[in-house]
Amino acid sequence: MIAGWSRFNVVSVVLGFAFLYLPIVLLVVFSFNESRLVTVWGGFSTKWYVSLFSNQGLMDAAWVTARVAVISATVATVLGTMAALVLTRHTRFRGRILFSGMVFAPLVMPEVITGLSLLLLFVAVGLDRGFLTVTLAHVTFSMCFVAVVVQSRLVTFDRSLEEAAMDLGAPPVTTFFQITLPVIAPAIVSGWLLAFTLSLDDLVIASFTSGPGATTLPMKIYSQVRLGVTPEINAVSTLMIGLVAGGVIAASIVNKRRAVQRARDEQAAERG
Amino acid sequence: MNSLGSIRRVFAPWNDPAAKPYIVFERVTKTFGGFTAVNDLSLVIYEREFFALLGASGCGKTTLLRMLAGFEEPTSGRILLDGQDMRGIPPYRRPANMMFQSYALFPHMTVEQNIAFGLRQEGLPKPEIEARVADMLKLVKLGQFARRKPHQLSGGQRQRVALARSVAKRPKVLLLDEPLGALDRKLREETQFELMDLQQELGLTFVIVTHDQEEAMTMADRIAVMDKGKVMQVATPAEIYEAPASRFIADFVGSVNMFEGTVERSDEDGASIAGNDGFSIRTSNTGGAARGSSVAFAIRPEKIRVSSKPPEQTAFNAVAGEIYDIAYLGDMTVYHVKLPSGQVVKASALNAARITNDPLTWQDRAWISFDPDAGIVLTS
Amino acid sequence: MAGPRLDLVRSGCRHRTDELEIGDGQRHDRCDARRRRRGPAKPGVTSLYRVDQPPRHRRSVLLEQLGEFGLDNYLWLTEDPLYLNAYVSSVVIAAISTLLALLVGYPIAYGMARAPAALRPILLMLVILPFWTSFLIRVYAWIGILKPEGLLNQLLLGLGLIDVPLVILNTHSAIFIGIVYSYLPFMVLPLYSSLEKMDHSLIEAAQDLGCRPAGAFWKITFPLSLPGVIAGSMLVFIPAVGEFVIPDLLGGSQTLMIGKTLWNEFFANRDWPVSSAVAVILLLLLIVPIMFFQSAQARAREEGR
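From a predicted model like this one, the values you see are computed outputs, not experimental measurements. (Residues numbered from 1 in each chain as written. Chains lettered and ligands numbered in written order. Predicted model: local features only at pLDDT ≥ 70, side-chain atom pairs only at ≥ 80, totals over all residues. Heavy atoms only, no water.)

Caption draft 1: How the structure looks around the overall build of chain C. A count of helical and extended segments in chain C gives 15 helices and zero strands. A total of 305 residues make up chain C; the buried ones form 56% of that total. Contacts spanning at least 24 positions in sequence make up 73% of the contacts within chain C whose residues lie at least 6 apart. On chain C, roughly 13,200 Å² of surface is accessible, and the fraction owed to carbon and sulfur atoms is 66%. (Helix = DSSP H or I, 4+ residues; strand = E, 2+ residues; numbered from the N terminus. Buried < 20%, exposed > 50% of the residue type's maximum accessible area, 1.4 Å probe, protein only. Contact = heavy atoms within 4.5 Å. Areas by Shrake-Rupley, 256 points an atom, 1.4 Å probe, with all protein chains shown as cover.)

Structure follows, in structure tokens:
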């Protein structure tokens, strides 16, 4: 859709974004508050960050979360990519509709259901709850997101690239690793990043499936939040937001640069 | 030129000084940012005329149409429709309806609802709307598809729905933006005639935008050839083809051979031109060229004869060359003849008989020749 | 409150707890009552899965007990009006929040779709970005804003618009704000994509046929954005029904939502069979909207071709 950007449009977009960002901005601002009262400004200070790093419980939880996120995102990316490949490449097989429904259902499923059913599964197969079960649970729900991201790229993938490779003598496996994978790599990377942040954020599923010694950062934050708002939590939150936002912004800048470079190369090629 | 104009119909209000113009573009300019889409353009269209705006993409023809419909306002100048200044009148109050290039059929409405949409906006009583919709469906022969949604129709059917929707309100002017662009060739040809019949039947003024010269020639009473926001020539199809106003028009419409040369003699009987290709041309159409001026002699391929034998006289309007390429098209054959100067001349011969008695083949020596009234002198 | 609860999680659920430990007072009484009525739980009779065995034997025990399925837990859900109320109130709260999110999200998506083409990718990224930041943290941020001595009340008091602090935190309003805020990107993105790809010549055609701009919006733009409206509403409604974090942090102890009930049943009362039954009913409740969403998506893909 094109056509004029009326004043009403501008105002609604500006107000909308203010609504989306103001709470986060306030949260970040008050993490630098001198006062313990989160709502009264008492001067600039970084003392909550200092106390944060000396809080052993939080640090342990952060370390657990980081390991869970990296491992689960990696496994989920492999499985999710495979699911996406099956769904786009094999349009007819028995139970395809069931399979695609099962892949995509967790996207909208309330987390309490996913968490509880995973827990029951783990108990049923005799797995002790802990680091392993949290990681497996995160793999299960984040691979759906990876599958969606990768599938949307595969839909626009030009199959003749693969056919050309095979025509030139590459067997299917070689073709996959040398042609398909490099082409869909950006989607796989964003799938991994998505799985990573989902794992980083998850409270509900982790609470159900985690066990002794595997308390994740969101679980720790949640238990403290229930006791009230503290600047320390603001500081942790700020660090997490900064980490994720920094990652996303950096990725999009890299993408943008690449697109600009590509456009420039193409123009240069046109000119000869 | 009047003899050419009468080939088609006797309808020719543009030759009648008493005729009242229906649509007037008066020194209209339209700029988008730094880009001038329409540049100081004036144009007059008469009632019941089938008028075509012809030009390459980006020549400003669509902008002109959109200004008439009210989607764009002229930067300067004014547009009159039936004597009324259109400035400031929004599209939904203008007595002009548009048939969009994409058809712009409302995907969530049935064929009937699409056609009725404009009538509903007028607040007509329901029975009248129903009657008018039924008429329209009959007109475009889509009666049995009334309840279908646009995505259940073929390309040709969609085109007819779009047409019915835009004429349902009986507008003063129907604007058609590349109406046949999305159809395949065969369907396009059929539809051209349908559109012409429809225009006759409804007695509406049609303004059509097209980049397809064949389409414009087939349907229009008059054509305005546009380039870079300006009108290069406004004339009947026959005039545009046989008497183009400039090298640009001659080259743009149809296929043409151009021989550059200098005028040696020019009087009421005609002109002699010393061609730069080393042969002399005699023509009965001087194009008003003065003696000594540099001109182009333009001649259409079908007006050039090709033969293996020399013509009766070879002093003028004849030159020998070598057959360079042959394109056999079925109904005719196009020969590319390379002259000693290096210029390649296109000449087409109608394949009136199944077997020709003068077979020409690649690298044969061949003569080309033409009559004195076959071409035209272009000074600009 | 939460500390001990998490400790419970850590201590594992090797055995079924017949004695209650700690939790929210109100809910406890109810459960005590229930237990009294039902008598001491008989292992294996009321469980969906028996989890009171030593870990090593769970698999075989589970298989043995498969024959012991019963509907007792579901009957229990019908006996106590608490559960029905929780389901109804979850659906009502989710529906109101969805409607509010639509009202807030539509103008934003519409504005984005009409923005200059160069600006659109940036706006799109700005909508997606909050989605990448922690849900929990974003909900947490609202506590500081909404509480009685919070930033919103300070601002309103400072401007002299109110004399007494508004009570927003721990009310339904706070839950609405929380859900709208957290799920707004899910509403805006499908709306934007359906509005953005809309052919502007349709609106021109409507105007050309005599329709005023406002009329063209309601007759053309809005109906054509319905797939986006449906997708966005489902993406907000479905997870909102089972939402736990928002009602727990912003809604206070008064709020009744099924996700919270399930959580309490599981973590505070440690009644796995009943929480499983609650989850199954919730799933059944959501199957219809989920199927509706899936088929709407499939239809949109069909028509997009």
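Resuming the write-up.
Caption draft 2: Up close: the interface of chain C and chain A. With 84 residues of chain C in contact, the opposing surface of chain A contributes 73 residues. Regarding the contact of chain C and chain A, the summed buried area is about 6,900 Å², with carbon and sulfur atoms giving 75% of it. Linking chain C with chain A are one salt bridge. The interface formed by chain C and chain A contains seven residue pairs in polar contact (both at pLDDT 80 or more). (Buried area = accessible area lost by both parts, 1.4 Å probe. Salt bridge = Lys/Arg side-chain N within 4 Å of Asp/Glu carboxyl O. Polar contact = N/O pair within 3.5 Å; in protein donor to acceptor, adjacent residues only side chain to side chain.)

Caption draft 3: Expanded view of the interface of chain C and chain B. Residue-level contacts link 17 residues of chain C with 22 residues of chain B. By the criterion of area lost to chain B, the three top residues of chain C are Glu204, Asp208 and Leu209 of chain C, representing 39% of everything that side buries. Taken together, the links from chain C to chain B amount to one salt bridge. One salt bridge connects arginine 66 of chain B with glutamate 204 of chain C, and the closest N-O pair in it is separated by 2.5 Å. Here chain C is connected to chain B by nine residue pairs in polar contact (both at pLDDT 80 or more). Contributions of two or more residues to the side of chain C that touches chain B are made by helix 10 (200-208) and helix 11 (213-224) of chain C. The element that contributes the greatest number of residues to the side of chain C that touches chain B is helix 10 of chain C, accounting for seven residues. Looking at the side of chain C that touches chain B, its residues break down into nine nonpolar, three polar and five charged. (Nonpolar A, V, L, I, M, F, W, Y, C, P; charged D, E, K, R; others polar.)

Caption draft 4: Fine view of a negative patch on the surface. On the surface, Asp184, Glu190, Glu194, Asp197 and Glu201 of chain B cluster together into a negatively charged patch. The residue aspartate 184 of chain B is located in the loop between strand 7 (173-177) and helix 6 (185-202) in this model. (Patch = residues over 30% accessible without salt bridge, like charges linked within 9 Å, V, L, I, M, F, W, Y side chains within 5 Å. Lys, Arg positive; Asp, Glu negative; His and termini not counted. Charge placed at Lys NZ, Arg CZ, Asp CG, Glu CD.)

Caption draft 5: Representation of the pairing of strand 9 (residues 222-227) of chain B within the structure. Residue and element names in this part refer to chain B. Counting buried positions along strand 9 yields six of six residues, so the element is predominantly enclosed. Across four bridges, the pairing between strand 3 (residues 50-54) and strand 9 is parallel. Residue pairing across strands places leucine 53 opposite alanine 224, the latter belonging to strand 9. Two elements, strand 9 and strand 10 (residues 230-235), share five bridges in a ladder whose sense is antiparallel. Bridged to methionine 226 within strand 10 is valine 231. Linking two consecutive strands that pair antiparallel, namely strand 9 and strand 10, is a turn of two residues; a positive phi of about 50° is found at lysine 228 within it. (Pairing = 2+ DSSP bridges.)

Caption draft 6: Main features of helix 8 (residues 172-201) of chain A. The terminal C-alpha atoms of helix 8 of chain A lie 38 Å apart, and with 30 residues this falls more than 12% below the ideal 44 Å at 1.5 Å per residue. At alanine 185 of chain A, helix 8 of chain A shows its largest kink, close to 60°, and the proline proline 186 of chain A lies no more than four residues downstream. (Expected span 1.5 Å × (residues − 1). Bend = angle between axes of the 7 residues up to and from the residue.)

Caption draft 7: Just the domain arrangement of chain B, in detail. Residues and elements named next belong to chain B. The assigned domain composition of chain B is domain 1 (13-247) and domain 2 (255-378). With centres defined by C-alpha atoms, the gap from domain 1 to domain 2 works out at 39 Å. The interface is formed by eight residues belonging to domain 1 together with nine residues belonging to domain 2. Overall, the association of domain 1 and domain 2 removes approximately 700 Å² of surface from exposure, summing both partners, and the carbon and sulfur fraction of that is 48%. Applying the counting rule to domain 1 against domain 2 returns two salt bridges. Here lysine 303 makes a salt bridge to glutamate 242, at a shortest N to O gap of 3.1 Å. Here domain 1 and domain 2 share four residue pairs in polar contact (both at pLDDT 80 or more) between them. (Domains from an automatic or database assignment.)

Caption draft 8: Molecular detail of a nonpolar patch on the surface. All names here are of chain C. There is a patch of nonpolar side chains on the surface, built from Leu84, Val88, Val92, Ile96, Leu99, Leu100 and Leu103 and spanning about 620 Å² of accessible area. With respect to the helices and strands, leucine 100 occurs in helix 5 (residues 81-114). The class of leucine 100 is partly exposed, set by a relative accessible area of 33%.

Caption draft 9: The arrangement of the sheet that holds strand 17 (residues 332-338) of chain B in detail. Residues and elements named next belong to chain B. Spatial strand order, 15-19-16-17-18: five strands in an open sheet with antiparallel pairing. With one partner strand each, in any of the chains shown, strand 15 (305-307) and strand 18 (344-350) form the two edges of the open sheet. Averaged over all pairs of adjacent strands, the angle between their axes in this sheet comes to 45°, without regard to strand direction. Bridge count for strand 16 (residues 318-328) against strand 19 (residues 365-369) is five bridges, and the pairing is antiparallel. Along strand 19, the bridge assignment pairs alanine 318 with serine 369. (Axes fitted to C-alpha atoms, helices over the stretch in contact; angles between N-to-C directions.)

Caption draft 10: Geometry of helix 5 of chain C. Look at helix 5 of chain C: 49 Å from first C-alpha to last across 34 residues, which is about the 50 Å you get at 1.5 Å a residue. Along its length, helix 5 of chain C shows its largest kink, about 30°, at glycine 105 of chain C, and proline proline 107 of chain C lies within four residues downstream of that point.

Caption draft 11: Region of the structure containing the environment of valine 75 of chain A. Tracing the chain through its elements places valine 75 of chain A in helix 3 (residues 56-89). Distance from valine 75 of chain A to valine 28 of chain A, taken between C-alpha atoms, is 33 Å for residues 47 residues apart in sequence.

Caption draft 12: A look at the environment of asparagine 114 of chain B. Position of asparagine 114 of chain B relative to the elements: it lies in helix 3 (residues 111-122). Since its relative accessible area comes to 0%, asparagine 114 of chain B is described here as buried.

Caption draft 13: A look at the packing of helix 1 (residues 7-30) of chain A against helix 5 of chain C. Here helix 1 of chain A crosses helix 5 of chain C at 120°, and the two axes come no closer than 8 Å. Taken as axis vectors, helix 1 of chain A and helix 5 of chain C run oblique relative to one another. Note on packing geometry: the crossing formed by helix 1 of chain A with helix 5 of chain C is left-handed. In contact with Phe8, Asn9, Ser12, Val13, Gly16 and Phe17 of chain A of helix 1 of chain A, helix 5 of chain C contributes Pro107, Ile108, Tyr110, Gly111, Met112 and Arg114 of chain C. Of the residues that constitute the contact of helix 1 of chain A with helix 5 of chain C, the class distribution is seven nonpolar, four polar and one charged. (Parallel < 35°, antiparallel > 145°, perpendicular 65-115°, else oblique. Left-handed = near helix turned anticlockwise from the far one by under 90°.)

Caption draft 14: Region of the structure containing the arrangement of the chains. Considering every one of the two pairs of chains in contact, the largest contact total is recorded for chains A and C. Considering only C-alpha positions, the minimal separation of the non-contacting chain A and chain B is 10 Å.

Caption draft 15: Spotlight on unusual backbone geometry. In this structure, arginine 27 of chain B takes a positive phi of about 45° despite not being glycine. Here arginine 27 of chain B lies in strand 1 (residues 21-32).

Caption draft 16: Representation of the packing of aromatic side chains in the model. Taken as a whole, this structure holds 31 aromatic pairs over all chains when the rule is applied. Consider the rings of phenylalanine 11 of chain B and tryptophan 14 of chain B, whose centres lie 5.9 Å apart with planes at 85°: the pair is edge-to-face. Phenylalanine 11 of chain B gets classed as partly exposed once you look at its relative accessible area, which sits at 28%. Taken together, the aromatic side chains of Phe208 and Tyr222 of chain A together with Phe244, Trp263, Phe266, Phe267 and Trp272 of chain C make up a single cluster linked through ring pairs. Sitting above the plane of the phenylalanine 106 of chain B ring, arginine 165 of chain B keeps its charged end 4.6 Å from the centroid. A cation over a ring is seen here: arginine 282 of chain B above phenylalanine 316 of chain B, with NZ or CZ 4.2 Å from the ring centre. (Phe/Tyr/Trp six-rings, centres within 6.5 Å; stacked < 30°, edge-to-face > 60°. Lys NZ or Arg CZ within 6 Å of the ring centre and 35° of its normal.)

Caption draft 17: Broad picture of the environment of isoleucine 93 of chain C. Residues and elements named next belong to chain C. In this fold, isoleucine 93 is placed in helix 5. The exposure class of isoleucine 93 is buried, given its relative accessible area of 2%. For the pair formed by isoleucine 93 and tryptophan 76, sequence separation is 17 residues and the distance between their alpha carbons is 24 Å. With residues near it in sequence (within four places) discarded, isoleucine 93 still touches His172, Ile175, Phe176, Ile179, Thr255, Leu256 and Met257.

Caption draft 18: Spatial organisation of the sheet that holds strand 1 of chain B. Residues and elements named next belong to chain B. Sheet architecture is open: four strands sit in the order 2-1-4-5, paired in antiparallel fashion. The sheet is open, and its two borders are formed by strand 2 (35-46) and strand 5 (84-85), each paired with just one other strand. Relative to strand 5, strand 4 (residues 76-81) runs antiparallel, the two being bridged by two bridges. Bridge pairing links leucine 81 to glutamine 84 in strand 5. Across the sheet, helix 2 (residues 61-69) lies against strand 1, strand 2 and strand 4, angled at about 115° from strand 1, the strand it touches most.

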